[in-house]
Amino acid sequence: MTHSDARPRAFTAYPELNLVLERLLAGAQTALADNFVGAYLQGSFAVGDYTPYSDCDFIVVTQEDLTPGQLARLQALHKEIHRLPAPYWRNGLEGSYAPAAILRAWSTQPRDPPSEPRADDWGDPGMSGAPPLAYPFWYLDHGSDTLVRSEHDNSQVVRWCLREKGVVLAGPDPATLVDPVSPAALKAEVRKTMDLCVSVGLEPMHLVAWQAFWVGLFCRILHTMETGTVTSKKAAMTWAEAVLDPRWSGLIARARALRKGHESAAEPADPDEVEATRAFVDYAMAYADRAA
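One structure accompanies this document, and this report is about it. (Residues numbered from 1 in each chain as written. Predicted model: local features only at pLDDT ≥ 70, side-chain atom pairs only at ≥ 80, totals over all residues. Heavy atoms only, no water.)

With that settled, consider the state of the cysteines. For the coordinates displayed, the defined rule picks out zero disulfides. We note that Cys197 lacks a disulfide partner, and the nearest cysteine sulfur, in Cys219, lies 13 Å from it. Of the residues examined, Cys219 reaches a relative accessible area of 0% and is grouped as buried. (Disulfide = S-S within 2.5 Å. Buried < 20%, exposed > 50% of the residue type's maximum accessible area, 1.4 Å probe, protein only.)

On to the environment of Arg256, then. Mapped onto the elements, Arg256 comes out in helix α9 (residues 249–257). Once the C-alpha coordinates of Arg256 and Trp89 are considered, the two residues, 167 residues apart in sequence, prove to be 23 Å apart. What Arg256 contacts, discounting residues up to four positions off in sequence, is Lys234, Met237, Thr238 and Glu241. (Helix = DSSP H or I, 4+ residues; strand = E, 2+ residues; numbered from the N terminus. Contact = heavy atoms within 4.5 Å.)

This part covers the packing of aromatic side chains. Counted under the stated rule, the structure contains 14 aromatic pairs. Look at Tyr283 and Tyr287: their rings are 6.0 Å apart centre to centre, the planes differ by 45°, and that puts the pair in the tilted class. Within this pair, Tyr283 and its partner Tyr287 are both found in helix α10 (residues 271–291), separated by four residues, close to a single helical turn. Exposure class is identical for Tyr283 and Tyr287. Each is buried. An aromatic cluster of three or more residues is present, and its members are Tyr14, Phe45, Tyr50, Tyr53, Tyr88 and Trp89. Over the ring of Trp122 we find Arg118; its NZ or CZ atom is 4.6 Å from the centre of that ring. (Phe/Tyr/Trp six-rings, centres within 6.5 Å; stacked < 30°, edge-to-face > 60°. Lys NZ or Arg CZ within 6 Å of the ring centre and 35° of its normal.)

On the secondary structure map, Asp55 appears in the loop between α2 (44–47) and β2 (56–62). There is a polar contact of 2.8 Å between the side chain of Asp55 and the side chain of His142. Excluding residues that lie within four positions of it along the chain, Asp55 makes contacts with Ser44, Phe45, Tyr88, Trp89, Gly92, Glu94, His142 and Lys260. (Polar contact = N/O pair within 3.5 Å; in protein donor to acceptor, adjacent residues only side chain to side chain.)

Consecutive side chains along a regular strand alternate between the two faces of the sheet. Buried residues dominate strand β3 (residues 93–99), accounting for seven of its seven residues. Side chains Leu93, Gly95, Tyr97 and Pro99 of β3 all project onto a buried face; the interleaved residues Glu94, Ser96 and Ala98 project onto the opposite face, where all are buried too. Across seven bridges, the pairing between β2 and β3 is parallel. Bridging from a neighbouring strand, Cys56 pairs with Leu93 of β3. You can see the chain leave β2, run along helix α3 (residues 68–81) and come back into β3, and the turn it takes is right-handed. The pairing of β3 with strand β4 (residues 137–140) spans three bridges and is classified as antiparallel. The residue bridging Gly95 from the neighbouring strand is Leu140, located in β4. (Pairing = 2+ DSSP bridges. Right-handed = clockwise from strand over helix to strand, strands pointing away.)

Keep in mind that these numbers describe shape and distance, not what the molecule does.
Okay, here's the thing in structure tokens:
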């Protein structure tokens, strides 16, 4: 599909987000030309339970990795998007530009882009400084207007969401672009994610929003460990309240009730809730190892 083929569509329930997505799609098609394969939503807008304060996670699939000229045009596009008359959603995009051959299936080879070798002490800007492991896409973090190299979206979880639940903005069915992701592969990856989270000390956790984030994330991980699928944070916390030890029900319920964007989310985290969250993570690690 070319830019001239694009038609304004209601991709989501939010008109301002649709404005942003239309500009993203048209701009990406123009910047990439024949290198454009497709554009998709994953994350909460694919698996469900999105809200007016969700991130909008996207994947743009390319034939090849970006050329310097294409990268420059996309950097300019994302700065332009940040000036659109959509105060929340112009800052709400998060996603990656992924070469089709790399996206097809997760692998540690090739690890580095052509002519861009990374030293072993390279720290991933989208993953709390994690060392290099697999191919880094060009990644846009939530709130940012600049693409950086990151492995953030080069994951089994993103591939599963894209293949099984992805929303097509333009291009072929994502199931034709991504190989099936096995339950075992999902479980192995999210178990490693737990270790990564613990290695950074479950930080930051100074705000209510962050404390609730960690609770929700570990509920989602445990749900994946049990089911071999990916679901929304809300659905995972509802599952966790029903299935996990009842002593965690209150903590999970309070985290589930928090609304992103509400003023209470920006308040300092309660020390007792922080302590309970760290204890819950210890419990979750043991639970995950039993489920593996």
